[in-house]
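# Coordinate inspection notes
Below are the chains, spelled out letter by letter.
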Amino acid sequence: MARTRGRIPSLLALSAAVLLTAGCGDEGGAGSGAAGDSPAPAGAEAAKDKPVVVVTTTWEGAFARAAGAQDVKVIVPQSVHHAPDYDPKPSDLAAVAKADFVLYAPFEPYAAKIKEAAGSKAKLVEVNLDNDPDKVKAEVAKLGALFGTADAATQWKTGFDTEYAQLNKDVQAAWPGGKSPSVVSQVFTAWAAKLAGATPVGTFGPEAVTPSQLADLSAKKPALVLDNAHMSTGTVLPDSGAKQVKIVNYPGDDLDLLPVYRNAAAELKKAMGAP
């Protein structure tokens, strides 16, 4: 995702609206992977065992769910491909006002202001949104420790490692001629090159490729170009002969991170000519 500024509505107006919203109950704000929108009981142990987590997108939501959180509320609908463009609504602020934790990414400029406008006492947690497996596991472990759900996070990591290893093996089995393909990746899809065991020869983005970059990257004769489905600029290296693969970073509304890797593996195998 690019560090692009989103359109932030008048947060003062939303602050007033959230008071009315909170008094009347939830409006069922946009995008939810929640197990429920009720706040955790007042007891410290209950709050620790079942923290109320509000996340800006399904990506943070999947990290939270992997870490063991059950009550997860997503603000930005999955249909919004570029999260920083989202305009927060009063119902979003109502959800934040009841949260124990608010998860956001640094390229989402409205997260801290949402919390401030809602008057929430939630802990604001910056998440490193990168599907590189090592970074994912580090973030999940960090969140598990914060939520008091470290055991669940460890259990998820075990299952993740098993599936990731199998997907990595499957994609490598599809290498053309048994040789690792050379790839050019958008900066937020490098994790997919790693999943494929591919040979990285360059990166681009998040800005559009310049003529000099185009010449430089094309000269490296990559077999594959891994584009970012959420901020594609069209064909990256036209006339280079490279196959362009669309990589999706965001999980679905089920907040399950594993299908992101399965789908990427399937697209990579297809691009390599596997049946």
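Structure's up top.
Thresholds, definitions, all that
- Residues numbered from 1 in each chain as written.
- Predicted model: local features only at pLDDT ≥ 70, side-chain atom pairs only at ≥ 80, totals over all residues.
- Heavy atoms only, no water.
- Pairing = 2+ DSSP bridges.
- Helix = DSSP H or I, 4+ residues; strand = E, 2+ residues; numbered from the N terminus.
- Axes fitted to C-alpha atoms, helices over the stretch in contact; angles between N-to-C directions.
- Salt bridge = Lys/Arg side-chain N within 4 Å of Asp/Glu carboxyl O.
- Buried < 20%, exposed > 50% of the residue type's maximum accessible area, 1.4 Å probe, protein only.
- Contact = heavy atoms within 4.5 Å.
- Phe/Tyr/Trp six-rings, centres within 6.5 Å; stacked < 30°, edge-to-face > 60°.
- Expected span 1.5 Å × (residues − 1).
- Arc of directions from axis to C-beta.
- Core = buried A, V, L, I, M, F, W, Y, C linked by side-chain atoms within 4.5 Å.
- Parallel < 35°, antiparallel > 145°, perpendicular 65-115°, else oblique.
- Nonpolar A, V, L, I, M, F, W, Y, C, P; charged D, E, K, R; others polar.

## Re the sheet that holds strand β3 (residues 101-104)
Spatial ordering of the open sheet is given by β2-β1-β3-β4, a layout of four strands whose pairing is parallel. Of all strands in the sheet, those with a lone pairing partner are β2 (71-74) and β4 (123-126), marking the two edges. Within the sheet, the average angular offset between the axes of one strand and its neighbour, ignoring direction, is 25 degrees.

## Some words on the pattern of salt bridges
Per the counting criterion, the structure on display carries nine salt bridges. A salt bridge links Lys-135 to Asp-130; the shortest N-O distance between them is 3.3 Å. Given a relative accessible area of 19%, Asp-130 falls into the buried group. Because the salt bridges share partners, they merge into one network encompassing Asp-132, Asp-134 and Lys-194.

## Quick look at the environment of Gly-144
For Gly-144, the location among the structural elements is in helix α6 (residues 133-147). Assessed through its relative accessible area of 0%, Gly-144 is described here as buried. For the pair Gly-144 and Ala-64, spaced 80 residues apart in sequence, the C-alpha separation works out to 8.0 Å. Leaving out residues up to four positions away in the same chain, Gly-144 has contacts with Ala-67, Thr-149, Ala-150 and Ala-153.

## Description of the packing of aromatic side chains
The relative placement of two aromatic rings is captured by the distance of their centres and the angle of their planes. Scanning the entire structure with this criterion turns up seven aromatic pairs. With centroids separated by 5.2 Å and ring planes inclined at 75 degrees, the aromatic side chains of Phe-160 and Tyr-261 adopt a geometry described as edge-to-face. Within this pair, whereas Phe-160 is found in helix α7 (residues 150-172), its partner Tyr-261 is found in helix α10 (residues 258-271), the two being separated by 101 residues in sequence. Overall, Tyr-261 belongs to the buried group, its relative accessible area being 1%. Ring geometry for Trp-191 and Tyr-261: centres 5.2 Å apart, planes at 70 degrees, overall edge-to-face. Taken together, the positions of Trp-191 in helix α8 (residues 190-196) and Tyr-261 in helix α10 put the pair 70 residues apart, joining distant regions of the chain. Each member of the pair Trp-191 and Tyr-261 is classed as buried.

## Re α10
When the terminal C-alpha atoms of α10 are compared, their 20 Å separation across 14 residues agrees well with the 20 Å that a helix rising 1.5 Å per residue should span. For α10, the full list of buried residues reads Leu-258, Val-260, Tyr-261, Ala-264, Ala-265, Leu-268 and Ala-271. Axial view of α10: buried residues confined to an arc of 155 degrees, hence all on one face. The inward-facing, buried residues of α10 abut α6, α7, α8, β7 (224-228) and β8 (243-247).

## Structural notes on the nonpolar core
Nonpolar side chains tend toward joint burial in soluble globular proteins. Formed by 67 residues in total, the largest nonpolar core has its most connected members in Leu-103, Phe-147, Tyr-261 and Leu-268. It is α10 that contributes the most residues to this core, seven residues altogether. The contact partners of Leu-268, leaving out residues within four places of it in the chain, are Val-171, Ala-192, Leu-195, Ala-196, Leu-224, Leu-226 and Val-245. The next biggest cluster of nonpolar side chains, apart from the first, holds six residues, and it includes Phe-204, Val-225, Val-236 and Leu-237.

## A closer look at the packing of α7 against α10
The interhelical angle for the contact between α7 and α10, taken along N-to-C directions, is 5 degrees, at an axis separation of 10 Å. Taken together, the axes of α7 and α10 lie roughly parallel to each other. Every residue of α10 that contacts α7 at Phe-160, Glu-163, Tyr-164, Leu-167, Asp-170 and Val-171 is listed here: Leu-258, Tyr-261, Arg-262, Ala-265, Leu-268 and Lys-269. Residues of the contact of α7 with α10, tallied by class, amount to eight nonpolar, no polar and four charged.

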